[in-house]
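One-letter residues, chain by chain:
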Amino acid sequence: MALTPVRIPDGVRATIAGEIAGADGCELFFAATTDGDGDIASVELLARGHATAVPAITRDLQPGQVVLHNHPSGNLTPSDPDISVASMLGERGIGFVIVDNQATRDLTVTRPHRPPPERPVANGWIDALFAAGGPLAAHFDHYEPRAPQVAMAKAAAEVINQARPRLVEAGTGTGKSLAYLAPAARWAQQNQKRVVIATHTIHLQQQLITKDIPLLAEALDRPLKAILVKGRSNYLCLRKLGEATAQLDLLEEGEVAALEAIAAWAKTTRDGSLADLPEPPPHSAWERVCSDADATLRARCPHFDRCFFYQARRRAASAHLLIANHALLSADLAVRLASGDAESAAVLPPYHRVVIDEAHHLEDSAVRHLGTQTSRLALLRALGRLHRAKGGTLLAQLGRAIAKLPPFEEQAELRSEATERLPARIDEARDLARAAFDELDRLLLPDPILSSCDLDADATAHLRPDTDRILKELAATLTGTARELHRLLKQCTALPPTLADALASPLTDCAGGVNRLQLIADALLTCTGARPENRVRWVERRRTNLVLFSLPVELRGELHEALFRPYPGTLLTSATLSTGNDCAFVADRLGLTEGEPTPLSPLVLPSPFDYPHQLRCLCPTDLPGVNDGKFDTAAADLIGRVARRHGGRTLVLTTAYRQVRSLALALRGELAPEIAVLAQGEADRHRLLERFRTDTGLLLIATDSFWEGIDVVGPALSAVVITRLPFRVPDDPLELARTEALRARGRHPFAHYSVPIAILKLRQGVGRLIRSRTDSGEVWILDHRLVRKPYGGRFRKALPVEVEAGAAARLLARLEEESISHRPRA
């Protein structure tokens, strides 16, 4: 059957010919709109090239469009690059046409395909699903309709149907996850397209995949498939495992034991993921055998059909919902932004709508992936994977594989390159790397007290020539080494097929090592020269490691290009997005205040909990200031009195590990043996939380990761103590750069950044207490700035109840009189 040509009207042909003539006959690249029959209606010139090539600008093209470009030779036969671009665009429903310079002759390589209109999620379907006698009621125990939940489900459907982004705050108890899962699942089922659900915490991912989605699937009238997607390095590579276990004699003793344990586990594991291992292996051992995008044989691998990663990828490709974390989504968006391809598989399979829960974390999650960072440790590991004194390295594997081949002319020379000359070059690069990072450490962080240094600060401007020289010399050495390694790999690949195929596995692994080396060299160069716009660059000491960063200062523009432009149907939700009456702060930080697509209006849905009857919020005004040396002693005394009143059942949230240790030391002596004191850092976070939930008479002192993402429902928790308002440390280079950017925009950094960020975190901490309709208790905020400072009013306004302030003894006496603490919590 012949391919029906795309019809080009005479007027459009004249336009194309005129543009080509104006470019002296060079190759041009056009985008065309089409009519209902798939024929061209109008064209727009996108790029100009030379006599034999032209840039293919495809990022913003939509299904149903056509690209055209001319062949000045008059030979309309598609070239290999033409075929490659046409194939990629064809997968997206975009046609590809070649014309001659006069636009009188044309060849249709692929026709456009306009997908059927998307089927929206109807509000009537949502009303029926969430109704008292509806499908959800039949599958959820103690189900009762909640007006805020239905309102959120309709708001989520509006985002998905209209493909316009939106912020939605849903207070605790709203049923937020089910409210966005239901319309996302319905839309994905109706349109056979995928939706990504991204969360910040593992806890929420597990809740979605093990509880909420299975129950929702039972209530729906058609099958629902959801997959928890993990990063590639979470999966075991069977090929690399076979390579590693075949040379255990060359490995260090600790790695041998770990690899033997992994090999035994590989025979029984179902998904081959790191989380399935009974005990996490050493990083060096797992790095040897984990799946790697830079070191894959794909379909040529003998283990391809059994490959854990590709099995997971195939499951994800057939899913309606992809459950991921913020980091994985951000990594995927960064890859798509760099490649300009939003339709093909990247870190994640292709998807069409996005839901981001715990969205108040998105800025901090995404910034690391939309910038670059590297370190002394990362570089030494990359070099060590290629070669180190102890065997079992990539070049040693390649040298051994070359030696095992049947004799051929270049064998001795190639083996010598792999086992002698190139290892010597890597040793030189390693020595230079150590010396370079040591010199950077001495130059930029001469005082052991210092932990970071802004590379572009005025105070270090006189050091810029030296730091540039060090980084450029190191980057040049790494690039040169990578080039020599690549030359060896190219020589091996050029061997006769029978020989080259026998080397495919070590060559693939070595190529991955070379790519990592070059990426590090490129990252080093981003920290040289003049400071790029909207970038902050700094070096940070982390124990014996030295880390170099080059990150965006503000993500407003980057997120628009990476997320909202290619995926306008993005819902961003959390229990804490507002810092008062609206979500203006978060909207501004994420760039949802202007530009296309026009965002839908933010929505704030209140919690259904009866906070005035369930929660008391208290602030003692007679404690020393939080920066006073006597504060910890006074705080410990009050915390002890609160804990005794409740028989334990108290969570203390601090902002620093130093204070965790200080309070734990003071309270253990005071409360023993009646109340046991648990402290974060003394045991695994999950075990601490489980013990706190299940045992009685406990006081838990914790910091950052316990401020959110934990649910302790019922009698195990009746008091939360927050030691101070959670302002961020102001000396972090990224934080400082953000404050400077705000000043440049005419805004006061403390009022427009520090305070709202702290308000969001305080709301999260306060939210740990009331997790159900039957919970009740007290939140104590020991920082009297809450009531004494002018900005304290903004914090108080953001809390769900009025703050009761006064002397600690008077507040305690009032509570004793009212006996609120003795109400049972079911």
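Rules of the game
Residues numbered from 1 in each chain as written. Predicted model: local features only at pLDDT ≥ 70, side-chain atom pairs only at ≥ 80, totals over all residues. Heavy atoms only, no water. Helix = DSSP H or I, 4+ residues; strand = E, 2+ residues; numbered from the N terminus. Phe/Tyr/Trp six-rings, centres within 6.5 Å; stacked < 30°, edge-to-face > 60°. Buried < 20%, exposed > 50% of the residue type's maximum accessible area, 1.4 Å probe, protein only. Lys NZ or Arg CZ within 6 Å of the ring centre and 35° of its normal. Pairing = 2+ DSSP bridges. Right-handed = clockwise from strand over helix to strand, strands pointing away. Axes fitted to C-alpha atoms, helices over the stretch in contact; angles between N-to-C directions. Parallel < 35°, antiparallel > 145°, perpendicular 65-115°, else oblique. Left-handed = near helix turned anticlockwise from the far one by under 90°. Contact = heavy atoms within 4.5 Å.

*Asks:* I tried to follow unusual backbone geometry on my own but got confused; where do I start?
*Replies:* Backbone geometry follows two general trends: most residues other than glycine have a negative phi, and most peptide bonds adopt the trans configuration. The step from A672 to P673 runs through a cis peptide bond, and the omega angle for that step is 0 degrees. Position of P673 relative to the elements: it lies in the loop between α24 (657-671) and β19 (676-679). Of note in the backbone geometry, R649 takes a positive phi value of approximately 50 degrees without being a glycine. Residue placement: R649 occurs in the loop between α23 (631-646) and β18 (650-653).

*Asks:* What is the right way to read the packing of aromatic side chains from this model?
*Replies:* For any pair of aromatic rings, geometry is given as the distance between the ring centres together with the angle between the planes. Summed over all chains, the structure comprises 13 aromatic pairs. Pairing F585 with Y753 gives two aromatic rings, centres 6.3 Å apart and planes at 55 degrees, and the pair type is tilted. Taken together, the positions of F585 in helix α21 (residues 584-590) and Y753 in helix α27 (residues 749-766) put the pair 168 residues apart, joining distant regions of the chain. The burial state of F585 is the same as that of Y753; both residues are buried. With 5.1 Å between their ring centres and 75 degrees between their planes, F750 and Y791 make a pair best called edge-to-face. Remark: Y791 occurs in the loop between α28 (785-788) and α29 (792-798) and F750 occurs in helix α27; sequence separation between them is 41 residues. By way of ring pairs, the aromatic residues Y235, F304, F309 and Y310 are connected into one cluster. Between the NZ or CZ atom of R314 and the centre of the ring of F304, over which it lies, the distance is 5.5 Å. A cation over an aromatic ring shows up here: R685 above the ring of F706, its NZ or CZ 4.9 Å from the ring centre.

*Asks:* So what exactly am I meant to see when it comes to the pairing of strand β4 (residues 95-99) here?
*Replies:* It is a general feature of regular strands that their side chains alternate between the two faces of the sheet. Counting buried residues in β4 gives five out of five residues, a clear majority hidden from the surface. Of the strand pairs in this sheet, strand β3 (residues 66-70) and β4 are connected by five bridges, and their pairing is parallel. Pairing of V66 across the sheet is with G95, part of β4. Read as a crossover between parallel neighbours, the route from β3 over helix α2 (residues 80-91) to β4 is right-handed. Note that β4 and strand β5 (residues 106-110) share four bridges and pair antiparallel. Directly across from I98, in β5, lies its bridge partner L107. The antiparallel hairpin formed by β4 and β5 contains six residues in its connecting segment, where A103 sits at a positive phi of about 60 degrees.

*Asks:* Hey, could you run me through the packing of helix α8 (residues 238-245) against helix α9 (residues 253-266) in this one?
*Replies:* Each pair of packed helices can be summarised by the angle the axes make with each other and by the distance between the axes. Between α8 and α9, the shortest axis-to-axis distance is 11 Å and the interhelical angle comes to 135 degrees. On the basis of the axis angle, α8 is oblique to α9. Crossing of α8 against α9: the hand is left-handed. Contact residues: L238, L241, A244 and T245 in α8; L259, I262, A263 and A266 in α9.

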